[in-house]
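Chains, contacts and geometry: an overview
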Amino acid sequence: MKHWKSWLACMTMLAVVGVPLAQAQYQAGGRGLMYVHTARTLEKGDLNVYLHSRIYGKSVEAVSVSTTYWSAQGSFALNYGLSDRLELTLLPIIYQDSNSGPNNFPGDVFLKFKFGSLGSPSSRVKFGFSVSSRLPLGKTSNVVFEPYSSGNIEAGFSGLVSYSSDVLFPDESFNLDFNLGYIYHNDAGMKMTNAAADTFSNAGTTSELTYGLGVRFPFDKWKVSAELVGNFFIREPAVNAYSRENYLYFTQGLAYRVADWLELHVAGDFRLSSDNDKTVYQFIGELPGTLPKSYPGWRVQTGMKVSLSPSATYRADERDMLVRKAETRREVFEQIVREQRETEKAEMELARIKEERIKAEKELERLRKLLDEDGTKKKGDKPKN
C-alpha cells in the first residue's frame, strides 16, 4: 500500500510537470533507447510508462521583425509485457505544436506489438520484430520540421536484432541494437491538408525504409548511449508536402537511475544529412534563409521512465535483487545446465570411444602377432627336398 501511494504521488507529479513538457517523436520506450528499439521484450506482467520531450527553436529576422520558429512534440508511451515474448505499446501524442500552423492537442496515436526475446536462452544475440499502426486523431498532419505523416491510417513493421555482453544481466551490460523497418503511409489518391493549409494529393502511395543502430554503456547508475537513425523514401510524398527529404541523425544520450522505479533521460540530436529542400511551396513561400530547409540541425530531448511493476522493480537489498533476477532468468540457467550436461555426456562418450579404440588397436596388434607367429611356424615346418 505504501508503494502504491508513492507511485500515485510520482504519477501526479509527472502529469503536472512532465506532460506539458513532453514534446516527443515516436521514441522507443520499454527497454529501448531514445529511438532505437531492442529485440528484448519486457517480462510478462511488467508495465512501464515513458514521458519524453523533444523541442527545437530558433530566432530569426523575418520582414524586419524578430520571430522565433519552433517545433515541439510530446508523447506518453505505455509499455506492457503480455508474455515473455510479446509486448504491447500504446503511444498517444499528447501535444504537437509549431508556429507554422495550429497545434495538435491531442495528436495521433500509435499502437505497436513487439514479438521479441527470440533465440537461444544462453545466446547473447536476440531477435524480434514489431508491427505498428498510426491512427490519425490529430487536427493536422505533415508538420514542418517533423517526419512525414499523411493524415491517414499508416502501418509499418520492423526487424530487430540485439546483442548483450552479459546473458544473465543484459540491462546492466553493454548492449548493441539494430533496427530495419518499413512504413506504408496509405496516401494514394487522397487529398490532404498540411499545417500550412496547403492541399495536396499523391498519385501513388508514399513508403519509406527506416533504420537505426544504437549502443549503450552502463556505469553503475549512469548509462551512456549513442544512436544513428535515418530513413530512405522508396516513393516520396507529394511535391508540395513537407519532409520529402531523407534524413540521418546522430543522438548522444545520458540516463540516470534515481530509484529502482525511476530513470531520467537527456539527449541531443544532431543532423548528419544534407539540408536540401524538395518541397514546392504554394502559398507561404520558403522559410527564412537562416532556418533549416528540411529538418532541424539539432534537437534537445528529455524523458522519464517509470516502472509500475512492484514485484519486478522494488527490492529491499542487493540479495533480493540477485534472487529476483535469478528467478526471472531460470530458463537461461536451465539451458546452461542442459548444455553442460550434454557436453559432459559428449565428453564421456568420447572417452568411451577412445577407450574402445585403444582396446581394438590392442586386439588388432595381438591378432597381427599371432598371424606372424603362425606364419613363421608354418614356414619352419615345411619339408626339405
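Residues numbered from 1 in each chain as written. Predicted model: local features only at pLDDT ≥ 70, side-chain atom pairs only at ≥ 80, totals over all residues. Heavy atoms only, no water.

Let us now look at the environment of Arg 235. Within the fold, Arg 235 resides in strand E12 (residues 222–235). For Arg 235, a relative accessible area of 41% corresponds to the partly exposed category. The sequence separation of Arg 235 and Gly 204 amounts to 31 residues, and the corresponding C-alpha distance is 7.9 Å. Residues in contact with Arg 235, not counting those within four places in the same chain, are Ala 203, Gly 204, Thr 205, Thr 206 and Ser 207. (Helix = DSSP H or I, 4+ residues; strand = E, 2+ residues; numbered from the N terminus. Buried < 20%, exposed > 50% of the residue type's maximum accessible area, 1.4 Å probe, protein only. Contact = heavy atoms within 4.5 Å.)

So, on to the confidence of the model for the protein chain. With 74% of its residues at a pLDDT of 70 or more, the protein chain shows a mean pLDDT of 79. Within the protein chain, the lowest mean pLDDT, 38, falls on helix H1 (residues 2–21), and the highest, 96, falls on strand E8 (residues 175–184). Low confidence marks residues 311–317, where pLDDT is under 50. Its contacts with residues over four positions away, or in another chain, come to 13 contacts. (pLDDT = per-residue confidence, 0-100.)

Tracing the chain through its elements places Gly 128 in strand E6 (residues 125–135). The exposure class of Gly 128 is buried, given its relative accessible area of 9%. Each C-alpha atom of the pair Gly 128 and Asn 179 lies 9.7 Å from the other, and the pair is 51 residues apart in sequence.

A few words now on the side chain of Asn 175. Within the secondary structure, Asn 175 is located in strand E8. Polar side-chain contacts of Asn 175 include one of 3.5 Å to the side chain of Arg 40. Setting aside residues up to four positions removed in sequence, Asn 175 forms contacts with Arg 40, Tyr 163, Ser 164, Pro 170, Gly 214, Val 215 and Arg 216. (Polar contact = N/O pair within 3.5 Å; in protein donor to acceptor, adjacent residues only side chain to side chain.)

Taken together, the 9 bridges between E12 and strand E13 (residues 248–259) define a ladder with antiparallel strand orientation. For Ser 225, the partnering residue across the bridge sits in E13 and is Gly 253. One ladder, built from 10 bridges, connects E13 with strand E14 (residues 262–271); its direction is antiparallel. Considered in E14, the bridge of Leu 254 is made with Val 266. Linking E13 back to E14 in an antiparallel pair, the connection comprises 2 residues. (Pairing = 2+ DSSP bridges.)

Okay, unusual backbone geometry next. We note that Ser 117 has phi near 55°; this positive angle belongs to a residue other than glycine. Take Ser 117: it is sitting in strand E5 (residues 109–118). For Ser 243, which is not glycine, the phi torsion reads 60° and is therefore positive. For Ser 243, a relative accessible area of 4% translates into the label buried.

This part takes up empty space enclosed by the protein. A complete count under the given rule lists 5 cavities of 30 Å³ or more for this structure. Size it by volume and the second largest cavity reaches roughly 60 Å³. Around the second largest cavity sit 11 residues that line it, and Tyr 242, Ser 243, Tyr 281, Lys 293 and Ser 294 are the ones nearest its centre. The class makeup of the residues in the lining of the second largest cavity is 5 nonpolar, 3 polar and 3 charged. (1 Å grid on protein atoms, 1.4 Å probe; cavity = no way out; pocket = protein on both sides within 12 Å on 5 of 7 lines; lining within 4 Å. Points joined across faces, edges and corners; volume = space filled by probe spheres on them. Nonpolar A, V, L, I, M, F, W, Y, C, P; charged D, E, K, R; others polar.)

Before going further, it helps to spend a moment on the pairing of E12. The pairing of strand E11 (residues 207–219) with E12 spans 13 bridges and is classified as antiparallel. Counted as the bridge partner of Phe 219 is Trp 222 from E12. Hairpin connection between E11 and E12: a loop of 2 residues separates the two successive antiparallel strands, and Asp 220 in this loop has a positive phi of roughly 55°.

A complete count under the given rule lists 9 aromatic pairs for this structure. Ring centres of Trp 222 and Tyr 256 lie 4.6 Å apart, and the angle between their planes is 45°; on these two criteria the pair is classed as tilted. Residue Trp 222 is located in strand E12, and its partner Tyr 256 is located in strand E13; the two are separated by 34 residues in the primary sequence. Between Tyr 247 and Tyr 295 the ring centres are 5.2 Å apart and the planes differ by 65°, which places this aromatic pair in the edge-to-face class. Note that Tyr 247 is positioned in the loop between E12 and E13 and Tyr 295 in the loop between E14 and strand E15 (298–307), a separation of 48 residues in sequence. Relative accessible area serves as the criterion here: at 14%, Tyr 247 is assigned to the buried category. Put simply, the rings of Tyr 56, Phe 145 and Trp 298 pair up and form one aromatic cluster. (Phe/Tyr/Trp six-rings, centres within 6.5 Å; stacked < 30°, edge-to-face > 60°.)

Under the criterion given, the structure shown has 15 salt bridges. Taking the shortest distance from any N to any O, the salt bridge between Arg 31 and Asp 171 comes out at 3.5 Å. With Arg 31 in the loop between H1 and strand E1 (47–62) and Asp 171 in the loop between strand E7 (154–164) and E8, the pair connects residues that are 140 residues apart, well separated along the chain. Across the pair Lys 359 and Glu 355 runs a salt bridge whose closest N-O atoms are separated by 3.9 Å. Here Glu 355 and Lys 359 lie together in helix H4 (residues 330–380), a separation of 4 residues that amounts to about one turn. Judged by its relative accessible area of 44%, Lys 359 is partly exposed. One salt-bridge network, in which partners are shared between bridges, spans Arg 31, Arg 40, Glu 43 and Asp 171. (Salt bridge = Lys/Arg side-chain N within 4 Å of Asp/Glu carboxyl O.)

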